[in-house]
Amino acid sequence: QVQLVESGGGLVQPGGSLRLSCAVSGSIINRFAMGWYRQSPGKQRELVATIIRDGSPNYADSVKGRFTISRDSAKNMVYLQMNSLKPGDTAVYYCYTSVGWPPTHYWGQGTQVTVSS
């Protein structure tokens, strides 16, 4: 059973920064991707950033140039550095991983990010 635990959310002013962390259980074998998505009330879930096995990142257009995804495979950690935050970034952020073939998707319980003055 894969488990993911997010941390690092909070309240930040526009233009500020936050760093989200995600601890992922289990071996990295057959783990094909890790990343982050977010959900705001009344909006569709949005995939924010992913990182695949070779380390290649992908980003949603809405966060390109502002967010950076990274990982520490030895520690089974994935991070999301969020800079130049905007009110539109306000959401619950969820960490996810895709495991096995065909892939099974797992996600954590989320961490709230609020960008407001």
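Bear in mind the structure is a predicted one, so any value in this text is a computation, not a measurement.

1. Regarding the pairing of strand E10 (residues 104-107)
(1) Moving on: By the bridge criterion, 4 bridges tie strand E9 (residues 91-99) to E10 in an arrangement that is antiparallel. Looking at the pairing, tyrosine 96 lines up with tryptophan 107 of E10.
(2) Moving on: Hairpin connection, E9 to E10: the antiparallel pair is bridged by 4 residues, and glycine 100 has positive phi, about 80°.

2. Points about unusual backbone geometry
(1) Moving on: The residue after tryptophan 101, namely proline 102, is reached through a cis peptide bond having omega -5°.
(2) Moving on: Secondary-structure assignment places proline 102 in the loop between E9 and E10.
(3) Moving on: For asparagine 76, which is not a glycine, the phi torsion comes out positive at approximately 55°.
(4) Moving on: With respect to the helices and strands, the residue asparagine 76 is situated in the loop between strand E7 (67-72) and strand E8 (77-82).
(5) Moving on: Owing to a relative accessible area of 17%, asparagine 76 belongs among the buried residues under this scheme.

3. As for the state of the cysteines
(1) Moving on: In the structure shown here, the tally under the stated rule is 1 disulfide.
(2) Moving on: Linked covalently through their sulfurs, cysteine 22 and cysteine 95 form a disulfide whose S-S length is 2.1 Å. Handedness of the cysteine 22-cysteine 95 disulfide follows from its S-S torsion of about -85°: it is left-handed. Residue cysteine 22 is located in strand E3 (residues 18-24), and its partner cysteine 95 is located in strand E9; the two are separated by 73 residues in the primary sequence.

4. Notes on the pairing of E3
(1) Moving on: Across the 7 residues of E3, 5 count as buried, placing the element largely inside the fold.
(2) Moving on: As judged from the 4 bridges shared by strand E1 (residues 4-7) and E3, these two strands associate in the antiparallel manner. Its bridge partner lying in E3, serine 7 is registered against serine 21.
(3) Moving on: Two strands pair when backbone bridges link them, and E3 and E8 are joined in this way by 6 bridges, in the antiparallel orientation. From the neighbouring strand, leucine 20 faces E8, where its bridge partner is leucine 80.

5. Remarks on the packing of aromatic side chains
(1) Moving on: Evaluated as defined, the whole model comprises 3 aromatic pairs.
(2) Moving on: Both rings, one in phenylalanine 32 and one in tryptophan 101, keep their centres 6.3 Å apart while their planes meet at 80°; by these two values the pair is edge-to-face. Taken as a pair, phenylalanine 32 in strand E4 (residues 31-39) and tryptophan 101 in the loop between E9 and E10 lie far apart in primary sequence, 69 residues in all.
(3) Moving on: Assessed through its relative accessible area of 34%, phenylalanine 32 is described here as partly exposed.

6. Section: the pattern of salt bridges
(1) Moving on: Inspection of every chain in the model, using the stated rule, returns 4 salt bridges.
(2) Moving on: Ionic pairing is found between aspartate 61 and lysine 64, a salt bridge with its closest N-O pair at 3.5 Å. The same class applies to aspartate 61 as to lysine 64, namely exposed.

Analysis parameters
Residues numbered from 1 in each chain as written. Predicted model: local features only at pLDDT ≥ 70, side-chain atom pairs only at ≥ 80, totals over all residues. Heavy atoms only, no water. Pairing = 2+ DSSP bridges. Helix = DSSP H or I, 4+ residues; strand = E, 2+ residues; numbered from the N terminus. Buried < 20%, exposed > 50% of the residue type's maximum accessible area, 1.4 Å probe, protein only. Disulfide = S-S within 2.5 Å. Phe/Tyr/Trp six-rings, centres within 6.5 Å; stacked < 30°, edge-to-face > 60°. Salt bridge = Lys/Arg side-chain N within 4 Å of Asp/Glu carboxyl O.

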